[in-house]
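Architecture and fold: a report
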Amino acid sequence: FSQRLEGLSDEVMVQLRSPLAMLPSCEQPVLSTPGNARLWGNLNVVARCGNEKRYLQVTVQATGNYVVAAGPIVRGTVLNAQSVTLKRGRLDQLPPRTMLDINQAQDAVSLRDVAAGQALQLTMIRAAWRVKAGQRVQVIAKGDGFSVNSEGQALNNAAVAQNARVRMSSGQVVSGEVNTDGNVLINL
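Below you will find a few notes about this structure. (Residues numbered from 1 in each chain as written. Predicted model: local features only at pLDDT ≥ 70, side-chain atom pairs only at ≥ 80, totals over all residues. Heavy atoms only, no water.)

**Things to note about the sheet that holds strand β11 (residues 173-178)**
The strands making up a sheet associate through backbone hydrogen bonding, with each pair oriented either parallel or antiparallel. Pairing is mixed around the closed barrel formed by 5 strands, whose spatial order is β8-β9-β10-β11-β12. With direction set aside, neighbouring strand axes in the sheet form an average angle of 50 degrees. In this sheet, strand β12 (residues 184-187) lies alongside strand β8 (residues 136-143) in parallel orientation, the contact comprising 4 bridges. Bridge assignment links Ile140 to a residue of β12, and that residue is Leu185. (Pairing = 2+ DSSP bridges. Helix = DSSP H or I, 4+ residues; strand = E, 2+ residues; numbered from the N terminus. Axes fitted to C-alpha atoms, helices over the stretch in contact; angles between N-to-C directions.)

**Comments concerning the nonpolar core**
The biggest cluster of nonpolar side chains holds 13 residues, and the ones touching the most others in it are Val137, Val139, Val166, Val174, Val178 and Val184. Taken together, the elements giving at least two residues each to this core come down to β8, β10 (163-168), β11 and β12. Those residues within four positions of Val184 in sequence are excluded, and the remaining contacts are Val137, Gln138, Val139, Ile140, Ala164, Val166, Gly176, Glu177 and Val178. (Core = buried A, V, L, I, M, F, W, Y, C linked by side-chain atoms within 4.5 Å. Buried < 20%, exposed > 50% of the residue type's maximum accessible area, 1.4 Å probe, protein only. Contact = heavy atoms within 4.5 Å.)

**Structural notes on a nonpolar patch on the surface**
Together, Leu16, Leu20 and Leu23 give the surface a local cluster of nonpolar side chains, amounting to about 270 Å² of exposed area. Turning to its location among the elements, Leu23 is positioned in the loop between β1 (9-16) and β2 (30-32). (Patch = residues over 30% accessible without salt bridge, like charges linked within 9 Å, V, L, I, M, F, W, Y side chains within 5 Å. Areas by Shrake-Rupley, 256 points an atom, 1.4 Å probe, with all protein chains shown as cover. Salt bridge = Lys/Arg side-chain N within 4 Å of Asp/Glu carboxyl O.)

**As for the side chain of Asn183**
Summarising the element assignment, Asn183 is placed in the loop between β11 and β12. Setting aside its immediate chain neighbours within four residues, Asn183 contacts Gln138, Ile140, Glu177 and Val178.

**Let's talk about the state of the cysteines**
Overall, the coordinates contain 1 disulfide when judged by the stated rule. Paired through a disulfide, Cys26 and Cys49 show a sulfur-sulfur distance of 1.8 Å. Disulfide Cys26 to Cys49: torsion about the S-S bond roughly -65 degrees, handedness left-handed. Within this pair, whereas Cys26 is found in the loop between β1 and β2, its partner Cys49 is found in strand β3 (residues 41-49), the two being separated by 23 residues in sequence. Residue classification places Cys49 among the buried residues on the basis of a relative accessible area of 12%. (Disulfide = S-S within 2.5 Å.)

Scope: geometric values only; no functional claims are made or implied.
Right, dumping it as structure tokens:
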């Protein structure tokens, strides 16, 4: 678990909750967790010894840094470096999808009011719109050895790296990925 949590937690404690009678018979079992398993909290671990397979229950406690509001944040506010700060604490006691990387908050928009010191969850923010519905945008279609530029009207809001639908002057609707310049890129 220390290897799985490297970079997120520098203090990991694992407690076996299964009775000792449930342990596999060999001295060096091969341990694994399901691919979609959470990183901490109450988890199941598969212990294999040859053809023998046992499911063990463990509790994983992890301590590390997470992102909190530096002060009160009002819904609709664009976050910046002064809006958030890191706090150290038990990661296994935080709500699901708590933000662990402070860079995820940069230029994000708060979807709700957040109290000072409250842990930020990824569900509380969205990326800032780079393209807004109704806005005129450049559409750049690129293929093997060619590039075509045209202008159209965005039909939906989209952040950088999200998909935007655009109505061209001909009435045709195309979609592509928004780049940092606000252009819509279509790779053919």
